[in-house]
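Coordinate analysis (summary)
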Amino acid sequence: MHELSLAHDMTRIIGNVLGRKVHLDRVNITVGPLSGISPESLRFCFTEIAKIEGFGEPELVINQTRAKLICLDCDTEYEAEDFYQGCPDCGSLSRKILSGREFTVDSVELEEGED
Amino acid sequence: MCDEIIEQKIDITTSVMNKNDLFAAENRGFLKGKGIYTLNLISSPGAGKTTVLESMAHYFGSRMAVIEGDIQTRRDAERIEKAGCQAWQIETGGACHLDAHAVKHAMDQMELDSDILELLAIENVGNLICPSGYDLGENLRIGLLSVPEGDDKILKYPSLFSTINVLVINKMDLLPHLDFDVDRAIEECRSLNPDVLVFTVSAKTGEGMEEFCDFVESNYS
């Protein structure tokens, strides 16, 4: 349940950028499939934390990316949705992770009337 | 009233782990400056992290200090102190992992004497999931798996076992009594993490511990 800590971190980041607490309509984030984050658990935690921290009840829009990997056995570059998807050419799980661990707050949309 | 439509979308583009990663970099620099090599020890509860550290305390003595992470109690720190090392207990009060800021805060309060200390071991909160996302500023990330947990655990917790530098399989003294396939565990860990180094030990009997401690020491000496 480190999603609870992460939800706190998200509101702290948003508060820092906005410089104040305002009601939000939407929060857009990106979560990579190798980040170790459960999107649904994060949504559950963020909904509560956002309300408590004075950001209203924003919709959390999660952009779930695919991981980019390179096979260490046959050099094929491929994309995967989780840790278990091996190389599509040779099946190997030996790979270098190029991306997939990302977790960013991308943007927020203010509720109408907030500026 | 102004009829102009105000842009309501505000760009943030910030990594949520950014703050932790900055503290981790600061910790790494601070410890490097003191010439202290740092381990982050991660396992499920009961895999034997503290027993491994007690065994390491016999090898390293006062050259090692330990930061203990637990939800509650100073029990582990007391065990390490009894084994002859300086120990600092972080009680997270509920948090399921240590973060780099908590480690910095602990280090600020410890006496890290660079004339004596060579090694700082951080025992993370017993958990195979949450600690894996938090860089603490360590030089070596060690995943500890114990024989009673079963040999099929590695692929169940890929976010940890794909990010460790070293896999230590502990409680090898129990191997004759349990159906733990060491080769399978190693093979599955290497499938996620081809560069991982593996040590098989029993912290209780001391089997394999000298080899492991020699390896830790060889990383900085």
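Residues numbered from 1 in each chain as written. Chains lettered and ligands numbered in written order. Predicted model: local features only at pLDDT ≥ 70, side-chain atom pairs only at ≥ 80, totals over all residues. Heavy atoms only, no water.

Looking now at the overall build of chain B. If you tally the helices and strands in chain B, you get seven helices and eight strands. By its C-alpha atoms, chain B is 80 × 40 × 35 Å across when sized along the principal axes. Of all 221 residues assigned to chain B, the portion counted as buried reaches 52%. A total of about 10000 Å² of accessible surface is found on chain B, and carbon and sulfur atoms cover 48% of it. Measuring between centres, the 19 positive side-chain charges of chain B sit 3 Å from its 37 negative side-chain charges. (Helix = DSSP H or I, 4+ residues; strand = E, 2+ residues; numbered from the N terminus. Buried < 20%, exposed > 50% of the residue type's maximum accessible area, 1.4 Å probe, protein only. Areas by Shrake-Rupley, 256 points an atom, 1.4 Å probe, with all protein chains shown as cover. Lys, Arg positive; Asp, Glu negative; His and termini not counted. Charge placed at Lys NZ, Arg CZ, Asp CG, Glu CD.)

Time to look at the interface of chain B and chain A. A common measure of how large an interface is: the accessible area buried when the components associate. Residue-level contacts link 26 residues of chain B with 31 residues of chain A. Summed over both sides, the interface between chain B and chain A buries roughly 2400 Å², with carbon and sulfur atoms accounting for 64% of that surface. It is Gln8, Ile12 and Val16 of chain B in chain B that bury the most area against chain A; as a group they hold 27% of the surface buried on that side. Between the two partners, chain B and chain A, sit zero salt bridges. (Contact = heavy atoms within 4.5 Å. Buried area = accessible area lost by both parts, 1.4 Å probe. Salt bridge = Lys/Arg side-chain N within 4 Å of Asp/Glu carboxyl O.)

Residues and elements named next belong to chain B. Overall, parallel pairing links the seven strands, which are arranged 4-3-5-2-6-7-8 in an open sheet. The open sheet has two edge strands with one neighbour each: strand 4 (86–91) and strand 8 (197–200). Looking at each pair of strands side by side, their axes are set apart by 20° on average, direction ignored. Pairing analysis gives six bridges linking strand 3 (residues 64–70) to strand 4, with the strands arranged parallel. Following the sheet pairing, Val66 is matched in strand 4 by Ala87. Here helix 3 (residues 75–82) sits on the sheet in contact with strand 3, strand 4 and strand 5 (119–123), set at roughly 175° to strand 4. Strands strand 6 (140–146), strand 7 (166–170) and strand 8 of the sheet are contacted by helix 6 (residues 182–192), whose axis makes an angle of about 160° with strand 7. (Pairing = 2+ DSSP bridges. Axes fitted to C-alpha atoms, helices over the stretch in contact; angles between N-to-C directions.)

Side chains that are nonpolar tend, in soluble globular proteins, to be buried together. Counting residues in each nonpolar core, the largest one holds 44 residues, and the members touching the most others are Met10, Val27 and Ile29 of chain A. Residue assignment for this core shows that the elements contributing at least two residues are helix 1 (3–18), strand 1 (24–31), helix 2 (39–52), strand 2 (59–64) and strand 6 (103–110) of chain A together with strand 3, helix 4 (100–109) and strand 5 of chain B. No other element matches helix 1 of chain A, which puts six residues into this core. Core analysis: the next-biggest nonpolar cluster, separate from the first, contains 31 residues, Val52, Ala121, Ala203 and Met209 of chain B among them. (Core = buried A, V, L, I, M, F, W, Y, C linked by side-chain atoms within 4.5 Å.)

This paragraph deals with unusual backbone geometry. Phi is positive for Asp75 of chain A, which is not a glycine, with a value near 70°. Position of Asp75 of chain A relative to the elements: it lies in the loop between strand 3 (67–71) and strand 4 (77–80). Phi at Thr13 of chain B is positive, roughly 40°, even though this residue is not glycine. Inspection of the secondary structure assignment puts Thr13 of chain B in strand 1 (residues 9–15). Looking at Thr13 of chain B, the relative accessible area reads 53%, which means it is exposed.

A few words on the pattern of salt bridges. Where charged atoms of side chains with opposite charge meet at close range, the side chains can pair. Counted according to the given criterion, the structure contains 20 salt bridges over all chains. The partner of Arg74 of chain B in a salt bridge is Glu78 of chain B, with the nearest N and O atoms 3.9 Å apart. Salt bridges sharing partners connect three or more residues here, namely Arg66, Lys68, Glu79 and Glu81 of chain A.

On to the packing of aromatic side chains. Residues and elements named next belong to chain B. Within the structure shown, the criterion is met by four aromatic pairs over all chains. Ring geometry for Tyr37 and Tyr220: centres 5.5 Å apart, planes at 35°, overall tilted. Residue Tyr37 is located in strand 2 (residues 37–42), and its partner Tyr220 is located in the segment after helix 7 (209–218); the two are separated by 183 residues in the primary sequence. The partly exposed category is assigned to Tyr220, whose relative accessible area is 24%. Measuring from centroid to centroid gives 4.9 Å for Phe199 and Phe215, while their planes differ by 40°, and the two rings are tilted. Residue Phe199 is located in strand 8, and its partner Phe215 is located in helix 7; the two are separated by 16 residues in the primary sequence. Look at Phe199 and you get buried, because its relative accessible area is 10%. Three or more aromatic residues joined by ring pairs make a cluster, and in this case those are Phe199, Phe212 and Phe215. (Phe/Tyr/Trp six-rings, centres within 6.5 Å; stacked < 30°, edge-to-face > 60°.)

The next subject is the domain arrangement of chain A. Residue and element names in this part refer to chain A. Partitioning chain A into structural domains gives domain 1 (1–65 + 100–115) and domain 2 (67–99). Residue-level contacts link six residues of domain 1 with eight residues of domain 2. The contact between domain 1 and domain 2 buries some 520 Å² in all, and 69% of this surface belongs to carbon and sulfur atoms. It is Pro33, Leu34 and Gly100 in domain 1 that bury the most area against domain 2; as a group they hold 75% of the surface buried on that side. Here domain 1 and domain 2 share zero salt bridges between them. Linking domain 1 with domain 2 are zero residue pairs in polar contact (both at pLDDT 80 or more). (Domains from an automatic or database assignment. Polar contact = N/O pair within 3.5 Å; in protein donor to acceptor, adjacent residues only side chain to side chain.)

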